[in-house]
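Inside the fold
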Amino acid sequence: RCNERLAEKEIYVFNFYLGRKQFEAAHSRLNYIKKAYAENKSLEPRLLYLEYKLASKEKNTEIAQQTFNRLHTQHPESRFTAMADSFKHNHSFML
């Protein structure tokens, strides 16, 4: 439970950087989260979603599509997959 709260804080910081288009800091934070919480497999779909969102905001269509595909293949029933679908639909003009 404590680790979940710590992960939530780190994700909040990631989103803070992403919202301010500080992409390098967002990458660093996402990499930290992946390493620090690697044992928590329940975070995987969420982290893929965040990676997809970051790549999309950076207009890195190749990484965005790869991550989007991984999310759909590995976690088709996840709410984060549905969120990625919605994000893609709402931001498709950006890609």
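Throughout what follows, the structure given in this document is the object of discussion.

So, how was this worked out
- Starting from 1, residues in each chain are numbered consecutively following that chain's sequence as written.
- For this predicted model, a pLDDT threshold of at least 70 governs which residues receive local features, and a threshold of 80 or more governs which side-chain atom pairs are given and counted, while totals over whole chains, interfaces and linings are taken from all residues.
- Think of the side-chain values as coming from all heavy atoms in the structure, minus any hydrogens and water.
- Runs of H or I in DSSP of at least four residues are treated as helices and runs of E of at least two as strands, each being numbered from the N terminus.
- Criterion for a salt bridge: a side-chain nitrogen of Lys or Arg within 4 Å of a carboxyl oxygen of Asp or Glu.
- To estimate how far a helix should reach, multiply one less than its number of residues by 1.5 Å.
- Burial here depends on accessible area, computed with a 1.4 Å probe over protein chains only, as a share of the maximum for the residue type. Under 20% is buried, over 50% is exposed, and the range in between is partly exposed.
- Only heavy atoms enter the contact rule, under which two residues are in contact if any of them lie within 4.5 Å.
- Fitting a line to C-alpha atoms yields each axis, with helices limited to the stretch in contact; the angle taken between N-to-C directions then spans 0 to 180 degrees.
- Between 65 and 115 degrees an angle is taken as roughly perpendicular, under 35 as roughly parallel, over 145 as roughly antiparallel, and anywhere else as oblique.
- Crossing handedness is defined as follows: a turn of the near helix away from the far one that is anticlockwise and smaller than a right angle gives a left-handed crossing, while the clockwise case is right-handed.
- Gly is put with the polar residues, along with every residue not named as nonpolar or charged; the nonpolar set is Ala, Val, Leu, Ile, Met, Phe, Trp, Tyr, Cys and Pro, and the charged set is Asp, Glu, Lys and Arg.
- For this analysis, a nonpolar core means a set of buried residues of the types Ala, Val, Leu, Ile, Met, Phe, Trp, Tyr and Cys, connected via side-chain atoms within 4.5 Å.

**Section: the environment of N31**
Within the fold, N31 resides in helix α2 (residues 23–36). As for N31 and L6, which are separated by 25 residues in sequence, their C-alpha atoms are 15 Å apart.

**So, the pattern of salt bridges**
Following the criterion strictly, the structure yields four salt bridges and no others. Two residues, R29 and E10, come together in a salt bridge whose shortest N-O distance is 2.3 Å. Linking R29 in helix α2 with E10 in helix α1 (residues 2–19), this pair joins segments that are 19 residues apart in sequence. It is possible to trace a salt-bridge network through shared partners that takes in K9, E10 and R29.

**Quick notes on helix α3 (residues 44–57)**
Along its 14 residues, α3 runs 20 Å from first to last C-alpha, staying within 8% of the 20 Å computed at 1.5 Å per residue. The element α3 is largely enclosed, with a buried count of twelve among its 14 residues. Those residues of α3 that sit buried are P45, R46, L47, L48, Y49, L50, E51, Y52, K53, L54, A55 and S56. Where α3 is buried, its residues contact α1, α2, α4 (61–74) and α5 (79–91). After α3 finishes, the residue K59 shows a positive phi value of roughly 65°.

**Things to note about the packing of α3 against α4**
Two elements in contact, α3 and α4, have axes separated by 8 Å at closest approach and are oriented at 160°. In terms of their interaxial angle, α3 and α4 are classed as roughly antiparallel. In this structure, α3 crosses over α4, and the sense of that crossing is left-handed. Side by side, α3 and α4 meet where E44, P45, L48, Y49, E51, Y52, A55 and S56 of the first sit next to I63, A64, T67, F68, R70, L71 and Q74 of the second. Here the contact of α3 with α4 is built from residues that sort into nine nonpolar, three polar and three charged.

**A few points about the nonpolar core**
Membership of the largest hydrophobic core comes to 23 residues, with the highest contact counts inside it found for F14, Y49, L50 and L54. Looking at this core, the elements with two or more residues in it are α1, α2, α3, α4 and α5. Setting aside residues up to four positions removed in sequence, L50 forms contacts with I11, F14, N15 and L30.

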